[in-house]
Amino acid sequence: MKILFVSLGCDKNLVDTEFMLGTLRDAGHTFTNDETEADVIVINSCCFINDAKEESINTILEMAEYKDKGSCKVLIVTGCLAERYRDEIIAEIPQVDVILGTNSYEEIAKAIEEVRAHTGEHYEVYKPLEGLPNVRSSRSLTTGGHYAHLKIAEGCNKNCTYCIIPHIRGRYRSVPMEELLKQARELAEQGVKELILVAQETTLYGVDLYGEKSLHKLLDALNEIPGIQWIRIMYCYPEEIYEELIQSIKKNKKVCHYLDMPIQHINNELLKRMGRRTTKEELIEKISHLKQEIPDITLRTTLISGFPGETQEMHEELMYFLNEMEFDRLGAFTYSPEEGTPAAEFPDQIDEEVKAEWRDEVMELQEEIIFDKNEEMKGRELWVMIEGKVDAENAYVGRTYRDAPDIDGYVFVNTDETLMTGDFVKVKITGAYEYDLIGEMIV
């Protein structure tokens, strides 16, 4: 059957999508990007914040029309929204034939067979949020083939007061190291040059399996795999960053000097209300230590604006902190009250206009910081991974070790040479925009 896949949400969800695509490919199905010719439509949904929930619901409703009027015979919803709102989806959108929970996606090929054999019957699979899906197929990559995400764990134990993830993904479960190394070798054999390590939290990797934090050991092993040139680490909770990890980043040549460290805020009262496990003082100490040990490290962070109880003074405290710390990369989001989380019931909820105003002020400050940092990059020589060509110009777009795909900036590389996606070239930086750089290839 021809299958259309819509993957929403985070890169961790994308890994699940790629495993489902591999399972369906091995079962003999083909794929299409045209809704009008799809026999099966699959939506891998997200519901992390309200905007993501709305996008998922709207996408399901849009695709349900092809079940009513088009060629679609089977409509499937998987992922976080399916895990959290299974009953509501079945009741409100009867066109949906299959619901697969977050720990059940390996059942997708079987689900299609069951629905085809029993027309008109719903098919649901919800496995306990324990262990990991038993996927036997290799992944079908959707990232172009030169980079891939390696999901090293599932679930989370942190229970931040604003977050629903532990309820829809379960407790923290590490993927065994031998399985991750097997996946990484297979990806390298397919031409993948950059591995991006992801999880709800990467820094706790191995605690449940090996009794100790083992991300540094995983990095040491991944560093030895031929073909892999960059290894990037995302989603490191600051309180869990430990010395062996820092030294592993420092010594392994393939590990990018880049760390994604979401802090959410820095006011101690607000951090406590969020259920975070750091203080402002500890954050300053951690950031200073990282910069001291790895002077060329690129630090990315994420912030929430307008958490319940935040005051103008707290916001100004955050702004001062950001001006002092000068993060290389930063994303800010307005607080979204999620049903079933403690923070949604907190008093002192903030007006949406105030949330947006504070977020915009954070991002305006960050734009000034990153522009100054980019200006300082002029004259530096950096390795760049080519992502594609700029139409009608002798220029290519690429990324340095300082840039994760889809969320950070780019380098526009001027050259008369013919380059391919995934090529690594040495570039001298000659100019800067607010978030991007300009450079010339060094022959």
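The model shown is predicted, which means the values in this text are computed figures rather than measured ones.

Reading the values: the criteria
- Residues numbered from 1 in each chain as written.
- Predicted model: local features only at pLDDT ≥ 70, side-chain atom pairs only at ≥ 80, totals over all residues.
- Heavy atoms only, no water.
- Salt bridge = Lys/Arg side-chain N within 4 Å of Asp/Glu carboxyl O.
- Helix = DSSP H or I, 4+ residues; strand = E, 2+ residues; numbered from the N terminus.
- Buried < 20%, exposed > 50% of the residue type's maximum accessible area, 1.4 Å probe, protein only.
- Pairing = 2+ DSSP bridges.
- Axes fitted to C-alpha atoms, helices over the stretch in contact; angles between N-to-C directions.
- Arc of directions from axis to C-beta.
- Contact = heavy atoms within 4.5 Å.
- Phe/Tyr/Trp six-rings, centres within 6.5 Å; stacked < 30°, edge-to-face > 60°.
- Lys NZ or Arg CZ within 6 Å of the ring centre and 35° of its normal.
- 1 Å grid on protein atoms, 1.4 Å probe; cavity = no way out; pocket = protein on both sides within 12 Å on 5 of 7 lines; lining within 4 Å.
- Points joined across faces, edges and corners; volume = space filled by probe spheres on them.
- Nonpolar A, V, L, I, M, F, W, Y, C, P; charged D, E, K, R; others polar.
- Parallel < 35°, antiparallel > 145°, perpendicular 65-115°, else oblique.
- Left-handed = near helix turned anticlockwise from the far one by under 90°.
- Polar contact = N/O pair within 3.5 Å; in protein donor to acceptor, adjacent residues only side chain to side chain.
- Core = buried A, V, L, I, M, F, W, Y, C linked by side-chain atoms within 4.5 Å.

A.B. asks: Describe the pattern of salt bridges, naming the residues involved and giving the relevant values.
C.D. replies: Counted under the stated rule, the structure contains 34 salt bridges. Note that R329 is salt-bridged to D403, the shortest N-O span being 2.7 Å. With R329 in strand β14 (residues 329-334) and D403 in the loop between β16 (395-399) and β17 (411-414), the pair connects residues that are 74 residues apart, well separated along the chain. On the accessibility criterion, R329 (7% relative accessible area) is buried. A relative accessible area of 3% places D403 in the buried class. Three or more residues joined by partner-sharing salt bridges are found here, namely K158, E201, K213, E239 and E240.

A.B. asks: I'd love a proper account of the sheet that holds strand β13 (residues 298-305), names of residues and values included.
C.D. replies: Strand order in this open sheet of 6 strands is β7-β10-β11-β12-β13-β14, and the pairing throughout is parallel. Across the chains shown, the open sheet's two edge strands, defined by having one partner strand only, are β7 (147-151) and β14. Sheet twist, expressed as the average angle between the axes of neighbouring strands with direction ignored, equals 20°. In the sheet, strand β12 (residues 255-260) pairs with β13 via 3 bridges, with the strands oriented parallel. Among the inter-strand pairings, Y258 is bridged to a residue of β13, identified as T298.

A.B. asks: Please provide a residue-by-residue account of helix α10 (residues 243-251), values included.
C.D. replies: Note: α-helices contain 3.6 residues per turn, so residues at a spacing of three or four share the same orientation. Those residues of α10 not exposed but buried are L245, I246, S248 and I249. An end-on view of α10 places all buried positions within 160° of arc, on one side of the element. Looking at the buried residues of α10, the elements they touch are α9 (215-222), β11 (230-233), β12 and α12 (280-293).

A.B. asks: Help me get a handle on the packing of aromatic side chains, residues and values and all.
C.D. replies: Applying the stated criterion to the full structure yields 6 aromatic pairs. The structure contains a cluster of three or more aromatic residues connected by ring pairs, namely Y162, F307, Y335 and F346. One cation-aromatic arrangement involves R139 over F19; the distance from NZ or CZ to the ring centre is 5.6 Å. A cation over an aromatic ring shows up here: R232 above the ring of Y258, its NZ or CZ 4.6 Å from the ring centre.

A.B. asks: If you had to explain the layout of surface pockets to someone new, which residues and values would you point to?
C.D. replies: The computed volume of the second largest pocket comes to approximately 440 Å³. Along the wall of the second largest pocket there are 22 residues; nearest its centre are F19, P133, V135, E179 and Q183. Secondary-structure elements contributing two or more residues to the lining of the second largest pocket are α1 (11-26), β8 (153-154) and α7 (177-189). The element best represented in the lining of the second largest pocket is α7, accounting for 5 residues. Residues of the lining of the second largest pocket, tallied by class, amount to 10 nonpolar, 4 polar and 8 charged.

A.B. asks: Could you give me a rundown of the packing of α10 against α12, with the residues and numbers involved?
C.D. replies: Remark: α10 packs on α12, axes separated minimally by 10 Å, with the N-to-C direction vectors making an angle of 30°. Between α10 and α12, the angle falls in the class roughly parallel. The element α10 and its partner α12 pack so that their crossing is right-handed. In this structure, α10 contributes E243, I246, Q247 and K250 to the contact, and α12 contributes H289, L290 and E293. Its residues assigned to classes, the contact of α10 with α12 comprises 2 nonpolar, 2 polar and 3 charged.

A.B. asks: Now, about the side chain of R173: what can you tell me, with residues and values included?
C.D. replies: On the secondary structure map, R173 appears in strand β9 (residues 173-174). Within the structure, R173 has its side chain in polar contact with the side chain of N103 (distance 3.3 Å). Those residues in contact with R173, other than ones at most four positions away along the chain, are N103, L129, E130, G131, L132, A153, E154, G155 and D208.

A.B. asks: Got a sec to walk through the sheet that holds strand β5 (residues 98-100)? Specific residues and values, please.
C.D. replies: Read from one edge of the open sheet, 6 strands run β2-β1-β3-β4-β5-β6, paired in parallel fashion. Where the open sheet ends on each side, the last strands, each with one partner, are β2 (30-31) and β6 (123-125). When strand β4 (residues 74-79) meets β5, the two strands line up parallel, connected through 2 bridges. What sits directly across from I76, in β5, is V98.

A.B. asks: Can you break down the nonpolar core residue by residue, with the values?
C.D. replies: By size, the foremost hydrophobic cluster in this structure holds 56 residues, and its most contacted members are I152, L197, L215, L218, L222 and F327. If one sorts the elements of this core by residue count, α7 sits on top with 6 residues.

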